[in-house]
Amino acid sequence: MSDLTPCEHQVGGWHNGTQSLVLKDKKEGLVVKPVKLHANPTHDPTFDPSHYTPHTHTNEQELIPVCRNELEFYEFLQTSTDPQDVSLKALLPLYHGSRLITTDEAKVTPHLLLGDLARGMKKPCVADIKMGRSFTYPGKDFTKKINKKYATRDELGYCLSGLRVFDPDTGALVVELRPDACKQLDRSQVFHSLEMFCQRGHPASRHLRDSVVSQLRQIHQWFMSQKKYWVRCSSILVIYDAATLTTTHTDSQVLPDTPVPLTTRHIGSEVLPDAPVTVTTQHSDSKVLPDTPVPLTTKHSASKVITDPPVTLPTQHSSSEVIPEKEACADSVGVKVIPEKEACFDSVGVKVIPEKEACADSVGVKVIPEKDACIDCVSVKVKMIDFAHVLYSFGHRDDNYIFGLEKLVEFFNAPDSESNSE
Ligand SMILES: Nc1ncnc2c1ncn2[C@@H]1O[C@H](COP(=O)(O)OP(=O)(O)OP(=O)(O)O)[C@@H](O)[C@H]1O
Ligand SMILES: O=P(O)(O)O[C@@H]1[C@H](O)[C@H](O)[C@@H](OP(=O)(O)O)[C@H](OP(=O)(O)O)[C@H]1O
């Protein structure tokens, strides 16, 4: 039985003038992504890099793709014993193979099955940051109409290709940008959006940024140690759960009265039938961001809370009560109880977090002291995604990617109080 729905936290993915449809298998915790089969039209499966000396690396069109498409690249990585490949795997989402899926155009398309980085998150904030100044690869159709370019690409070597941010206090979706809207942003709007992603002003903001930086450094380390690949048109995906930063809201969505800048709305996710796996394309959601900020006036239909089975607390505590560890441990459902200040979900002033997400101790439950609680629980995931265009580099470092990566580290490393927008 399959359990496919459109992936409601999809932000990037843009093909042939429209948003591509990434799906989610909630039961298995997978993202199910369509494969562009002939992503690299010049790929030659008989090519052997060990018997080849490149003439030059100055002509982009003479570069050689490693695989025909992303699926082949993931498959190749699974069996490679090359230490560079083995260490690359740790920087990517987990690969779970592929699956044939029939779309509404009655086309059967292979889909990649990847570990969902937002699994278990209630309010996943997502940033898709496309890396590199150059997005070219051999055989790319240069006759394609190029609309507007991303504002920061040339100068900074990265661009924002999709963003989704929840306000931790209200639980409201405050920013949603798809690739088409991202292209409308100017440089300072890009920074402003990324600052919102970092929850500027929130007590956990510094922790969030530091966590991103340390993971970006691991990616940087890999790029500095390898001279085998150039990775083109690839993104870094940053995801964390705003619900773990929550300080004052109830589970019902509260939308702000005041205008929120940089907001677009999108059509929500419908539940798709179980089997056969047939999906309907319905991401019509590519609202272009207007020049001036728009207020968030309509409730976002896609931002449904992912409900875990209800958890019953055996003992209710008033918000000010400190719960003795023994008593908390008696809780047989493996939950963590956080005092009211940090939390907010239920009526008795405590937040209940299922064990999986919690900073659980040895017996599966934990009472977290005020103030530290949420900050320690924020788990930020930073992974490389989108490997459709990996090229052989024949002993040359991937300076195109490295340049953007270092600029990105600079952004996240900046002091919280320092405006990156100027
Ligand atoms: N492993 C994952 N976990 C969670 N979300 C993911 C994962 N992989 C992809 N996504 C979501 O899907 C979106 C599109 O992914 P990706 O960039 O790989 O697609 P694409 O169609 O190849 O993009 P492009 O148009 O840049 O070629 C991401 O922005 C992200 O929101
Ligand atoms: O940068 P954006 O705006 O997200 O644009 C898309 C992105 O660059 C993809 O990598 C590209 O697919 P390829 O990698 O196959 O070139 C796609 O081309 P497409 O529209 O022809 O699929 C673009 O639309």
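In this report, we go over the structure that sits alongside the text. (Residues numbered from 1 in each chain as written. Chains lettered and ligands numbered in written order. Predicted model: local features only at pLDDT ≥ 70, side-chain atom pairs only at ≥ 80, totals over all residues. Heavy atoms only, no water.)

Looking now at the site of ligand 1. The environment of ligand 1 is made up of 22 residues, and the closest members are Gly-12, Trp-14, His-15, Lys-33 and Asp-128. Contact distances for ligand 1 include 2.9 Å between an oxygen atom and a backbone N or O atom of Val-11. Between ligand 1 and the protein, one listed contact pairs an oxygen atom with a backbone N or O atom of Trp-14 at 2.7 Å. For ligand 1, the protein covers 95% of the area, taking 620 Å² as the surface of the free molecule. (Near = heavy atom within 4 Å. Polar contact = N/O pair within 3.5 Å; in protein donor to acceptor, adjacent residues only side chain to side chain. Areas by Shrake-Rupley, 256 points an atom, 1.4 Å probe, with all protein chains shown as cover.)

By the definition in use, this model includes 13 salt bridges. With a closest N to O distance of 2.8 Å, Lys-228 and Asp-82 form a salt bridge. Here Lys-228 is found in the loop between helix H6 (205-225) and strand S11 (229-232), whereas its partner Asp-82 is found in the loop between helix H1 (70-79) and helix H2 (83-89), with 146 residues between them in sequence. Between Arg-397 and Asp-399 there is a salt bridge; the shortest N-O distance is 3.3 Å. (Salt bridge = Lys/Arg side-chain N within 4 Å of Asp/Glu carboxyl O. Helix = DSSP H or I, 4+ residues; strand = E, 2+ residues; numbered from the N terminus.)

Time to look at the environment of Lys-183. With respect to the helices and strands, the residue Lys-183 is situated in the loop between helix H4 (179-182) and helix H5 (187-197). Judged by relative accessible area, Lys-183 falls into the partly exposed class, the value being 22%. Between the C-alpha atom of Lys-183 and that of Leu-37, which follows or precedes it by 146 residues, the distance is 26 Å. With near-sequence residues (within four places) excluded, Lys-183 lies in contact with Lys-148, Lys-149 and Tyr-150. (Buried < 20%, exposed > 50% of the residue type's maximum accessible area, 1.4 Å probe, protein only. Contact = heavy atoms within 4.5 Å.)

Locating His-396 in the fold gives a position in the loop between strand S17 (389-392) and helix H9 (399-413). Overall, His-396 belongs to the partly exposed group, its relative accessible area being 38%. Separated by 309 residues in the primary sequence, His-396 and Ser-87 place their C-alpha atoms 18 Å from one another.

So, on to H6. Here H6 contains 21 residues, and its C-alpha end-to-end distance of 30 Å stays within 8% of the 30 Å for a straight helix at 1.5 Å per residue. Every buried residue belonging to H6 is among Ser-205, Leu-208, Arg-209, Ser-211, Val-212, Val-213, Gln-215, Leu-216, Ile-219, His-220, Trp-222 and Phe-223, and all of these are buried. Buried residues in H6 make contact with H2, H5, S11, strand S12 (235-241), strand S16 (381-385) and H9. (Expected span 1.5 Å × (residues − 1).)

Turning our eyes to something else, we now look at the pairing of strand S9 (residues 158-166). Among the 9 residues that make up S9, 9 are buried, leaving the element largely enclosed by the rest of the structure. Sheet topology places strand S8 (residues 124-131) next to S9; 6 bridges connect them, and they run antiparallel. When the bridges of S9 are listed, Met-131 appears paired with Tyr-158. Hairpin geometry of S9 and strand S10 (residues 173-177) is characterised by an intervening segment of 6 residues between the two adjacent antiparallel strands and by a positive phi of about 80° at Gly-171. (Pairing = 2+ DSSP bridges.)

All told, the structure shown has 15 aromatic pairs when counted by the stated rule. Ring centres of Tyr-74 and Phe-387 lie 6.2 Å apart, and the angle between their planes is 90°; on these two criteria the pair is classed as edge-to-face. You can see Tyr-74 sitting in helix H1 and its partner Phe-387 sitting in the loop between S16 and S17, a full 313 residues away along the chain. Residue classification places Tyr-74 among the buried residues on the basis of a relative accessible area of 1%. On the numbers, 4.8 Å between centres and 85° between planes, the contact of Trp-222 with Phe-223 is edge-to-face. Each member of the pair, Trp-222 together with Phe-223, is buried. The structure contains a cluster of three or more aromatic residues connected by ring pairs, namely Phe-73, Tyr-74, Phe-76, Tyr-95, Tyr-229 and Phe-387. The ring of Phe-403 has Arg-133 sitting right over it, with the charged end atom 3.7 Å from the ring centre. Positioned above the aromatic ring of Phe-135 is the side chain of Arg-153, whose terminal nitrogen or guanidinium carbon lies 4.4 Å from the ring centre. (Phe/Tyr/Trp six-rings, centres within 6.5 Å; stacked < 30°, edge-to-face > 60°. Lys NZ or Arg CZ within 6 Å of the ring centre and 35° of its normal.)

As far as function goes, none of this settles anything; it's purely spatial.
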